[in-house]
Amino acid sequence: MSRSSHPFYSLALVMTGWLTTPNAASASPSSSLAEAWAAAELHAQLALSPMVLSPTMDTPYPLLTEREAAAQQYLNATLQMNEWNLAGTVEQQLREHHAPQYTYTLNQWHYDRMLSPQIGITLGKKVMTWGVGFAFKPLDLIQQEDLRDVNPLPAEGVYVAALDHYSDTTALSLIGSLFAEPPLNSQHREPSLTLRWYQLRDDDDLYAIARYSSPRTLEFGAGFTHVIDDSWSVYGAALYQHHQQRLINQLTSSDTLFATDDPMQASKLGAGEKLLSGVQWSDGVGLTLVAEAWWNSEAYRKADWQRLTDLTQRQRALGGTVPAQLINGNTAWSSQAFLAENLLQQNLFLHLGYDDQHRLTPYAELQISPQDRSGLATAAITWQNDAHRLTLGARHVVGPTQAIYRQMPIKQLVWAQWCWSIL
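Rules of the game
- Residues numbered from 1 in each chain as written.
- Predicted model: local features only at pLDDT ≥ 70, side-chain atom pairs only at ≥ 80, totals over all residues.
- Heavy atoms only, no water.
- Axes fitted to C-alpha atoms, helices over the stretch in contact; angles between N-to-C directions.
- Helix = DSSP H or I, 4+ residues; strand = E, 2+ residues; numbered from the N terminus.
- Parallel < 35°, antiparallel > 145°, perpendicular 65-115°, else oblique.
- Left-handed = near helix turned anticlockwise from the far one by under 90°.
- Contact = heavy atoms within 4.5 Å.
- Nonpolar A, V, L, I, M, F, W, Y, C, P; charged D, E, K, R; others polar.
- Buried < 20%, exposed > 50% of the residue type's maximum accessible area, 1.4 Å probe, protein only.
- Lys, Arg positive; Asp, Glu negative; His and termini not counted.
- Salt bridge = Lys/Arg side-chain N within 4 Å of Asp/Glu carboxyl O.
- Polar contact = N/O pair within 3.5 Å; in protein donor to acceptor, adjacent residues only side chain to side chain.
- Patch = residues over 30% accessible without salt bridge, like charges linked within 9 Å, V, L, I, M, F, W, Y side chains within 5 Å.
- Areas by Shrake-Rupley, 256 points an atom, 1.4 Å probe, with all protein chains shown as cover.
- Phe/Tyr/Trp six-rings, centres within 6.5 Å; stacked < 30°, edge-to-face > 60°.
- Core = buried A, V, L, I, M, F, W, Y, C linked by side-chain atoms within 4.5 Å.
- Pairing = 2+ DSSP bridges.

Colleague: Even after reading the chapter, I still don't get the packing of helix 2 (residues 302-316) against helix 3 (residues 324-334), so can you show me in this structure?
Modeller: The geometry of a pair of packed helices is captured by two quantities: the angle between their axes and the separation between those axes. Look at helix 2 against helix 3: their axes get within 10 Å of each other, and the N-to-C directions meet at 170 degrees. As summarised for this structure, helix 2 and helix 3 are arranged roughly antiparallel, according to the angle between their axes. The way helix 2 lies across helix 3 gives a crossing that is left-handed. In contact with L308, T312, Q315 and R316 of helix 2, helix 3 contributes I327, N328, N330, T331 and S334. Among the residues forming the contact of helix 2 with helix 3, the class breakdown is 2 nonpolar, 6 polar and 1 charged.

This is how it looks when you write it as structure tokens:
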């Protein structure tokens, strides 16, 4: 599971400032700056999020040996002043039997400006999530957001230089980008050039994207959302990638059994595709149902998992003759495979939620792979008013004992989150 799926107590402080300045021609620089700060709108949120993880006892990847709790505090601040935007996070992670860890992240810093009513530019580091999909977004090529998190931290943006053209119904963007950190299925930051197109046409949202990057070379795709009536909508997306890549343990094709450096390397594959179809239904008074199916040829195949599991079992069979630190280190490296975008190529997803428009918002989700009938089941309920939000939830792996999801080091996650809007 990702960093936000660890058990933890989370203390979050989110401050958002929206500052505006008057026309520079009507005031001196000092008075303009003073008026800008005087017009600031600040928002702060305090959150406490305990979590508990339960280990999978019969997995070849036993990262945990007993139920474990931890704590995660983070401070996130966001500032907007005219065309300038800044967001940063200070994070502390605490886990039982582990030393505290601290992370300092500049999530966003970017300059947005409209050069004319139709032309805009963006320079800096910005969150660039895009495309259609609820649990999987094939067209989200720039941000590559991890949609599996149940309690995500503030997103970290991508370094971009973008030129945008807008009309009443269309947006066209040319974006040069560079990842701040490599995506989960890569060890490369992948500098890229992307052309994105969006259009609102009657009851349809239309999307198209083309991207050139190294090592993936050319990617292009399209998507849509079609509103049938007040209750029903359908959507879909398709992406072609000239070169896909998969994080593979190099020891699975070697005579060497142990590594002293991380053996999980991004292996270049041939051409492939990602396909998504979905439907959403609402009863108009709060009940919502979402169903999705997708294919991801870049995800692991069952044969890939079998080779990795065989390697890990051979390594662990040498316990007592090989230093435990070497065995545990190699097991931890191999377990990075569970951080992949999808664990298997075929996936189904179902979301059922309810919003009573007053206080309560419960939901239940099931993501499962038909290839081995395993997946994740999640349920949560949120209560909120103007100043507070409380969420209680649980996630559990499901499926046959030897199935892929059942081999995840963590079989159950229970969490709660309390958020207090201070300002």
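Colleague: I would appreciate a short explanation of the side chain of D164 in the present structure.
Modeller: Inspection of the secondary structure assignment puts D164 in strand 8 (residues 158-166). The side chain of D164 is buried and forms no salt bridge, while R196, the nearest opposite charge, is found at 5.8 Å. One polar contact links D164 to S173, side chain to side chain, over a distance of 2.4 Å.

Colleague: Got a minute to help me understand a nonpolar patch on the surface in this structure?
Modeller: Taken together, the side chains of L48, L360, I381, W383, L390, L392, W418, W420 and I422 present a nonpolar region at the surface, about 730 Å² in accessible area. Elements with a contribution of two residues or more to the nonpolar patch: strand 20 (374-384), strand 21 (388-398) and strand 22 (410-421). Take L390: it is sitting in strand 21. Accessibility expressed as a relative area gives 34% for L390, which makes it partly exposed.

Colleague: Explain the packing of aromatic side chains to me, please; I cannot follow it from the model alone.
Modeller: Geometry of an aromatic ring pair is reported as the spacing of the ring centres plus the angle between the planes. Across all of its chains, the model carries 12 aromatic pairs by this definition. Relative to W420, the ring of W418 lies with its centre 6.4 Å away and its plane at 15 degrees, an arrangement referred to as stacked.

Colleague: Mind showing me how you'd approach the nonpolar core here?
Modeller: If you look at soluble globular proteins, the nonpolar side chains tend to sit buried side by side. By size, the foremost hydrophobic cluster in this structure holds 17 residues, and its most contacted members are Y300, W305, A337, F338, L343 and M408. Mapped by element, the contributors of at least two residues to this core are strand 14 (245-249) and helix 2. Excluding residues within four positions of it along the chain, W305 makes contact with Y61, Y300, A337, F338, L343, L344 and I404.

Colleague: Can you walk me through the side chain of E292 in this structure?
Modeller: Looking at where E292 falls in the secondary structure, it is placed in strand 17 (residues 287-296). Of the side chains with opposite charge, K137 comes closest to the buried, unpaired E292, at an N-O distance of 8.9 Å. Reaching out from E292, the side chain makes a polar contact with the backbone nitrogen of A135 at a distance of 3.2 Å. One polar contact links E292 to Y235, side chain to side chain, over a distance of 2.6 Å. In this view, E292 contacts G133, F134, A135, F136, Y235, L276, S277, G278, N347, L348 and F349; residues no more than four positions away in its chain are not counted.

Colleague: Can you walk me through the pairing of strand 6 (residues 101-114) in this structure?
Modeller: Strand direction decides the pairing type here: strand 5 (residues 84-95) and strand 6, joined by 9 bridges, are antiparallel. Of the residues in strand 6, the one forming a bridge with W84 is Y111. What sits between strand 5 and strand 6 in their antiparallel hairpin is a turn of 5 residues, with H97 showing a positive phi close to 70 degrees. Strand direction decides the pairing type here: strand 6 and strand 7 (residues 119-126), joined by 6 bridges, are antiparallel. From the neighbouring strand, D112 faces strand 7, where its bridge partner is T122. If you look at the hairpin formed by strand 6 and strand 7, you'll find 4 residues sitting between the two strands.

Colleague: Whenever I open this one, the pattern of salt bridges confuses me. Can you help?
Modeller: Pairs can form between side chains of opposite charge whenever their charged atoms are close. A full pass over the atoms with the stated rule returns 11 salt bridges. In this structure, the salt-bridge partner of E298 is R216, at a minimum N-O distance of 2.5 Å. Placement of E298 in the loop between strand 17 and helix 2 and of R216 in the loop between strand 11 (204-213) and strand 12 (217-227) is noted, with a sequence separation of 82 residues between them. Judged by relative accessible area, E298 falls into the buried class, the value being 5%. A salt bridge links E341 to K274; the nearest nitrogen and oxygen atoms lie 3.1 Å apart.

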